[in-house]
Amino acid sequence: FFFNYRPPPGSTLLSYRALLRFPVFFNGKGMFHKEGGLLGAGLIALLPGGFLHRSLLGFNHHHIAGVLFSAVAMLFFILAMKSARGAGVSFGHVRARDWGVLRRPLVWSALAGLALGLYLLTWSGGALFLLIIFTFAVIQYIMDHLRRRSTDYLCIVAIPTLAVSLIVIAPSANGYSLWNVQAASLLVCALAFLTLSASSVLMVRRNLSPAYYAVAIAGLGAIGLGLFYAVAPDMLETMLNKLDVLRPTGGKLTVSEAQGMSISDTWEFFTTGFWLSMASLALLAYIILKEGTADKTLFFVWTLIMLIAAFGQQRFAYYLAINVALLTAYLSWRILELVGFADSKAEPVAEVQSKSIVMSADSDRHKLSRKAKRRRMEQRRQQATPRASFLKGSHAVGLLALIGIFFLAFFPNIGKAVDWAEPRYGPSDDWHEAPS
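Read on for an overview of the structure.

Rules used in this analysis
Residues numbered from 1 in each chain as written. Predicted model: local features only at pLDDT ≥ 70, side-chain atom pairs only at ≥ 80, totals over all residues. Heavy atoms only, no water. Helix = DSSP H or I, 4+ residues; strand = E, 2+ residues; numbered from the N terminus. Buried < 20%, exposed > 50% of the residue type's maximum accessible area, 1.4 Å probe, protein only. Contact = heavy atoms within 4.5 Å. Areas by Shrake-Rupley, 256 points an atom, 1.4 Å probe, with all protein chains shown as cover. Phe/Tyr/Trp six-rings, centres within 6.5 Å; stacked < 30°, edge-to-face > 60°. Axes fitted to C-alpha atoms, helices over the stretch in contact; angles between N-to-C directions. Parallel < 35°, antiparallel > 145°, perpendicular 65-115°, else oblique. Left-handed = near helix turned anticlockwise from the far one by under 90°. Nonpolar A, V, L, I, M, F, W, Y, C, P; charged D, E, K, R; others polar. Salt bridge = Lys/Arg side-chain N within 4 Å of Asp/Glu carboxyl O. Polar contact = N/O pair within 3.5 Å; in protein donor to acceptor, adjacent residues only side chain to side chain. Patch = residues over 30% accessible without salt bridge, like charges linked within 9 Å, V, L, I, M, F, W, Y side chains within 5 Å. Expected span 1.5 Å × (residues − 1).

## Details of the overall build of the protein chain
Each helix and strand counted, the protein chain has 18 helices and zero strands in total. For the protein chain, the residues scored as buried account for 45% of the 436 residues in total. The long-range fraction of contacts in the protein chain, counting pairs at least 24 apart against all pairs at least 6 apart in sequence, stands at 78%. Summed over all atoms, the accessible surface of the protein chain reaches about 21700 Å², with 66% contributed by carbon and sulfur.

Spelled out as structure tokens, the structure:
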């Protein structure tokens, strides 16, 4: 009842859809900056297409609930990694039980596990997000190891997240289809993190070249796949067969939402946001290669797999909406920064600081002669005039850029969103009298 209640259609869902603003904002703030999070939260409220379609009252709510829980899980997982990386968490802290250092990352990890578990309960095919985490782990471990960075924080954060998720879904053992796939995927993910960390630590202790790490991981992966096939061939076959969710074939294509998203569909679902987000994704790839930060790598992998899934099945377009909103917001803010909007925002602070300096200097004015005071005041007037003109110019350019971003990234969605919110997209009138 909680996920499948169908009230009359015609208006947007004010629970899951409204709550999505929060993970979108905090994801944007955590990965980029506060302004990017605000723009993303505003944009997600306007996106049309499958995202809006499935958040209309009258639709099964598990669709939009899955988007919410997956976004919250990613948010907490990103916060856990950033917290652990910032605190320099290592296996030494775990052995010493240094809870002062471990407490914050572990709390974020537990919350990520709770949200991930709820997501898995919401949709039986939710193991797709475990594929995202697995792919991210392999890429990030290789990047960190090649840069001679500690990889301990990744394992310390991931294992509690996966363990809590397994605890959350455990009471429902075999109670729904694909529960066994979800549980097996969680265990495989946990084993992958442990193996990747152990390999990194061992190679560092033996002072082996970091270049060998990727080769070692490939070899261990092949061995692990062989062992999995020897122990549980049926489970391995089932898990591999479920990857066809990225590219369905045969009778599955008779279902409308299982058909692939076309290029023309991108305008219906995201308008200009799709192409802006693709440009932003390319910029993000450059930043990842330059910096190698885990939060941006996870977001990139998350977006890439959702993009592949959406072109495989339209149903994943409403998951992709989160990534499109954040990427479009990030690019929009970078454009505003380039034209000096951020600088013009910072000017009042600088002006306040300069005033405080002037007041401090004036406090000892009794020590100056009258002629020296006159000379200082003249210098201040000469400096103030060009500064004032600069402020007016930068504010004007920033305002024009802000208006341009609104009409480029936000305005095209408004008309489409109104069309998608029409009652005709909800269930038929036959559902109105149907029992819940």
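## Some thoughts on the environment of Trp123
For Trp123, the location among the structural elements is in the loop between helix H7 (99–122) and helix H8 (128–146). Linking Trp123 and Trp179, residues 56 residues apart in sequence, is a C-alpha distance of 10.0 Å.

## Section: the packing of aromatic side chains
Summed over all chains, the structure comprises 23 aromatic pairs. Geometrically, the ring pair formed by Tyr119 and Tyr319 is edge-to-face, given 6.2 Å between the ring centres and 80° between the ring planes. Taken as a pair, Tyr119 in helix H7 and Tyr319 in helix H16 (residues 317–338) lie far apart in primary sequence, 200 residues in all. For the pair formed by Tyr119 and Tyr319, the shared burial category is buried. Between Trp123 and Phe316, the aromatic rings sit 5.8 Å apart at their centres with planes inclined by 65°, giving edge-to-face as the arrangement. Residue Trp123 is located in the loop between H7 and H8, and its partner Phe316 is located in the loop between helix H15 (294–312) and H16; the two are separated by 193 residues in the primary sequence. The residues Trp123 and Phe316 share a single accessibility class, namely buried.

## Quick look at the packing of helix H5 (residues 62–87) against H8
Where H5 contacts H8, the axes come no closer than 12 Å and their chain directions differ by 20°. With respect to H8, the axis of H5 lies roughly parallel. Every pair of crossing elements has a handedness; the one defined by H5 and H8 is right-handed. Here H5 contributes Ser70, Met74, Phe77, Met81 and Arg85 to the contact with H8, which in turn contributes Phe129, Ile132, Phe136 and Asp144. In the contact of H5 with H8, the residues fall into six nonpolar, one polar and two charged.

## Here we look at the pattern of salt bridges
This model, assessed by the stated rule, comprises three salt bridges. A salt bridge links Glu268 to Lys416; the nearest nitrogen and oxygen atoms lie 2.7 Å apart. Within this pair, whereas Glu268 is found in helix H13 (residues 263–270), its partner Lys416 is found in helix H18 (residues 370–420), the two being separated by 148 residues in sequence. Take Glu268: its relative accessible area is 30%, and that puts it in the partly exposed class. Arg334 is the salt-bridge partner of Glu337, the closest N and O atoms lying 3.6 Å from each other. Taken together, the residues Glu337 and Arg334, both in helix H16 and three residues apart, mark about one turn of the helix. For Glu337, a relative accessible area of 31% puts it in the partly exposed group. Since its relative accessible area comes to 30%, Arg334 is described here as partly exposed.

## What about the side chain of Thr303?
Structurally, Thr303 is set in helix H15. Polar contacts involving the side chain of Thr303 include one to the side chain of Asn323, which spans 2.9 Å. Contacts of Thr303, omitting those with residues within four sequence positions, involve Leu281, Leu320, Asn323 and Leu327.

## Things to note about a nonpolar patch on the surface
A contiguous nonpolar patch, built from Leu399, Leu400, Leu402, Ile403, Phe406, Phe407, Phe411, Ile414 and Val418 and spanning about 820 Å² of accessible area, is present on the exposed surface. Turning to its location among the elements, Ile414 is positioned in helix H18. Under the relative-accessibility criterion, Ile414 is labelled partly exposed at 34%.

## Considering H5
Each turn of an α-helix holds 3.6 residues, which means side chains three or four residues apart point in the same direction. Between the first and last C-alpha of H5 there are 37 Å, a value that for 26 residues agrees with the 38 Å anticipated at 1.5 Å per step. Burial analysis of H5 places 20 of its 26 residues in the buried class, the great majority of the element. Directly beyond the C-terminal end of H5, a positive phi value near 65° is found at Gly88.

## What to know about the environment of Trp179
Note on placement: Trp179 falls in helix H10 (residues 179–205). Judged by relative accessible area, Trp179 falls into the buried class, the value being 14%. It is 9.8 Å that separates the C-alpha atoms of Trp179 and Gly126, two residues lying 53 residues apart in sequence. Setting aside residues up to four positions removed in sequence, Trp179 forms contacts with Ile169, Ala170, Ser172, Ala173 and Asn174.

## Examining unusual backbone geometry
The backbone of Arg97 sits at a positive phi, close to 50°, despite the residue not being glycine. Checked against the element boundaries, Arg97 lands in the loop between helix H6 (91–95) and H7. Notably, Asn174 is not glycine yet its phi reads approximately 60°, a positive angle. You can see Asn174 is positioned in the loop between helix H9 (152–169) and H10. Among the residues examined, Asn174 registers a relative accessible area of 63% and is labelled exposed.

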